[in-house]
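Spelled out, the chains give:
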Amino acid sequence: MVLALAALVTFQLAGEATVRLFALPVPGPVVGLVFLYGALIARGSVPDDLRATSNVLLQHLMLFLVPATTGLMLHFRRLGDEWLPIVLAAVGGTAVTMTLTAVTLRLLIGKQRTP
Amino acid sequence: MISGCRELCAFLQTSPLLWLAVTLLAYQIAYAIYLRSGRNPLVNPVLGSISIIITVLLATRTPYRTYFDGAGLVHFLIGPATVAMAVPLYTHTARLKKVLLPLAGSLFVGSGTAVVSAVAIGWLFGASTDTLLSLTPKSTTMPIAMGITEKIGGSPSLTSLMVTMTGISGAIMARGLLKLLRIDDLAIGGFAVGVSAHAIGTAYALQLGEVAGAFSALGMGLNGVATTILVPLLMRFVANR
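How each quantity is defined
- Residues numbered from 1 in each chain as written.
- Chains lettered and ligands numbered in written order.
- Predicted model: local features only at pLDDT ≥ 70, side-chain atom pairs only at ≥ 80, totals over all residues.
- Helix = DSSP H or I, 4+ residues; strand = E, 2+ residues; numbered from the N terminus.
- Rg over C-alpha atoms; globule rule 2.2 N^0.38 Å.
- Buried ≥ 20, exposed ≤ 12 C-beta atoms within 10 Å, placed from the backbone.
- Contact = placed C-beta atoms within 7 Å.
- Domains from an automatic or database assignment.
- Nonpolar A, V, L, I, M, F, W, Y, C, P; charged D, E, K, R; others polar.
- Axes fitted to C-alpha atoms, helices over the stretch in contact; angles between N-to-C directions.
- Parallel < 35°, antiparallel > 145°, perpendicular 65-115°, else oblique.
- Left-handed = near helix turned anticlockwise from the far one by under 90°.
- Core = buried A, V, L, I, M, F, W, Y, C linked by C-beta atoms within 7 Å.
- Arc of directions from axis to C-beta.
- pLDDT = per-residue confidence, 0-100.

(A) Layout of the overall build of chain A. Within chain A, the secondary structure is distributed over six helices and zero strands. If you list the helices and strands of chain A from N to C, you get α-α-α-α-α-α. Expected size for 115 residues packed as a compact globule is a radius of gyration near 13 Å; at 20 Å, chain A overshoots this value by more than 25%. Buried positions account for 39% of the 115 residues belonging to chain A. Pairs at least 24 apart in sequence give 32% of the contacts found in chain A among residues at least 6 apart.

Have a look at this one:
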């Protein structure tokens, strides 16, 4: 658990450092993810400790997102006069995007199977 | 006794303990309700938790900043958890390799749709230009969306509102919408949730299992990169017309 956590934080640190050194427009942890993925490919397997720790962290990702999401309360005022287009764009846009992404992926995978 | 109360207040104001406890308890309550409902996505635990916490903060007149400083420990774990997404991704590498081209095609469609649909709906219902700009990165994770909106001159406060509403609504609608579309492949569903509803959607997809979680994490990461490239390009195209 502690060793796996140390590994995750170290990969995150390497990601954050890379992002700053090369002024990349992506978050440090995402680059850390890519580094860890590369390390796992090189190793050829996932250490049990890392798998268990990752499962615990990922099962509770919702909890970790709570403090930042609570920041919603700062922006209630912004809704003001334009609440209708804002809410419709958020909800409707998400529904359209999810639909088209899923349908396209299903179509393309189907085409691949029956060339 | 009174001086003891003062001491207690001073302690609670400077220690992260109080808001850490409130965050964990609120999540426990929201998660218990979610389980009790048979994991009904309508009672999303993130939405439940923030409803409880915002009520407490408003009732005690606590500024968000004070709360966030206290709950920082929980927030910090987003970083290591994001890195940990490499594990389910690695586990499903074989499946992933088989569908690389379809994933690329659907990412292109999804990323474009996310930007265009938000702006089109906003424009149709009379949103101002400032608002429209702030809508464009709404399907990406918060740090990426903030970077994009600052670059193109949108409002960071409105963007953060949009990103949050997108993630929560995506997590809530995912199960019903995918069922309606008869998408029963968790890889396809997960990818679509990640592309359209970033981290909050991915947190929900992870509850559905490792395959959905892995493909959602992939969709979220790829869409972050795609949107970062796409939005400035689209802006240039619109400006030239």
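(B) Here's a closer look at the overall build of chain B. Summing up its helical and strand segments, chain B has 14 helices and zero strands in all. Starting at the N terminus and walking to the C terminus, you meet the elements of chain B as α-α-α-α-α-α-α-α-α-α-α-α-α-α. On the principal axes, the C-alpha backbone points of chain B span a range of 70 × 45 × 30 Å. Going through the 241 residues of chain B one by one, you find that 51% of them count as buried. Residue pairs at least 24 apart in sequence account for 62% of intrachain contacts in chain B once pairs closer than 6 positions are excluded.

(C) Structural view of the domain arrangement of chain B. Residues and elements named next belong to chain B. Domain annotation of chain B identifies domain 1 (1-76) and domain 2 (84-241). Once you take the C-alpha centre of each, domain 1 and domain 2 turn out to be 28 Å apart. For the side of domain 1 that touches domain 2, the per-class residue count stands at four nonpolar, one polar and no charged.

(D) Representation of the interface of chain B and chain A. Contact with chain B, which involves 89 residues of that partner, is made by 65 residues of chain A. Looking at the side of chain B that touches chain A, the element that brings in the most residues is helix H12 (residues 156-180) of chain B, giving 14 residues. Across the side of chain B that touches chain A, the residue classes break down as 57 nonpolar, 31 polar and one charged.

(E) Structural detail: the domain arrangement of chain A. According to the domain assignment, chain A contains domain 1 (1-59) and domain 2 (73-115). The C-alpha-based centres of domain 1 of chain A and domain 2 of chain A are spaced at 29 Å.

(F) Spotlight on the packing of helix H2 (residues 17-36) of chain B against helix H3 (residues 45-59) of chain B. Residues and elements named next belong to chain B. Orientation of H2 relative to H3, taken along the N-to-C sense of each, is 135°, at an axis distance of 8 Å. Accordingly, the angle class assigned to the pair H2 and H3 is oblique. Between H2 and H3 lies a crossing whose hand is right-handed. Across the interface between the two elements, Val22, Thr23, Ala26, Tyr27, Ile29, Ala30, Tyr31, Ile33 and Tyr34 from H2 touch Pro45, Gly48, Ser49, Ile52, Ile53 and Val56 from H3. In terms of residue class, the contact of H2 with H3 is made up of 12 nonpolar, three polar and no charged.

(G) Layout of the nonpolar core. Ranked by size, the top nonpolar core spans 97 residues in total, and within it Leu65 of chain A together with Val46, Ala84, Ala86, Phe191 and Ile200 of chain B carry the most contacts. Sort the elements by how many residues they give to this core and helix H13 (residues 186-207) of chain B lands first, with 14 residues. Setting aside anything within four residues of it in sequence, one finds Ala86 of chain B in contact with Leu33, Leu36, Tyr37 and Leu40 of chain A.

(H) Highlighting the environment of Leu230 of chain B. Residues and elements named next belong to chain B. Relative to the assigned elements, Leu230 resides in helix H14 (residues 210-239). Residue classification places Leu230 among the buried residues on the basis of 20 C-beta atoms within 10 Å. As for Leu230 and Tyr64, which are separated by 166 residues in sequence, their C-alpha atoms are 33 Å apart. With near-sequence residues (within four places) excluded, Leu230 lies in contact with Ser111, Gly112 and Val115.

(I) Molecular detail of helix H11 (residues 142-152) of chain B. Listed as buried for H11 of chain B are Met142, Ile144, Ala145, Ile148 and Thr149 of chain B. The buried residues of H11 of chain B occupy one face: seen down the axis, they fall within an arc of 160°. Against helix H4 (61-69) of chain A together with helix H10 (129-135), H12 and H14 of chain B lie the buried residues of H11 of chain B. Of the residues trailing H11 of chain B, Gly153 of chain B is marked for its positive phi of about 85°.

(J) Representation of the packing of helix H6 (residues 83-113) of chain A against helix H9 (residues 100-124) of chain B within the structure. Closest axis-to-axis distance for the H6 of chain A/H9 of chain B pair is 8 Å, and the angle between their directions is 160°. With respect to H9 of chain B, the axis of H6 of chain A lies roughly antiparallel. Considering how the two elements wind past one another, H6 of chain A and H9 of chain B form a crossing that is right-handed. Here the contact of H6 of chain A with H9 of chain B is built from residues that sort into 14 nonpolar, 12 polar and no charged.

(K) Region of the structure containing the confidence of the model for chain B. Of all residues in chain B, 98% attain a pLDDT of 70 or more, and the chain-wide mean is 92. At the level of chain-chain contacts, confidence expressed as ipTM amounts to 0.93, with global pTM at 0.91.

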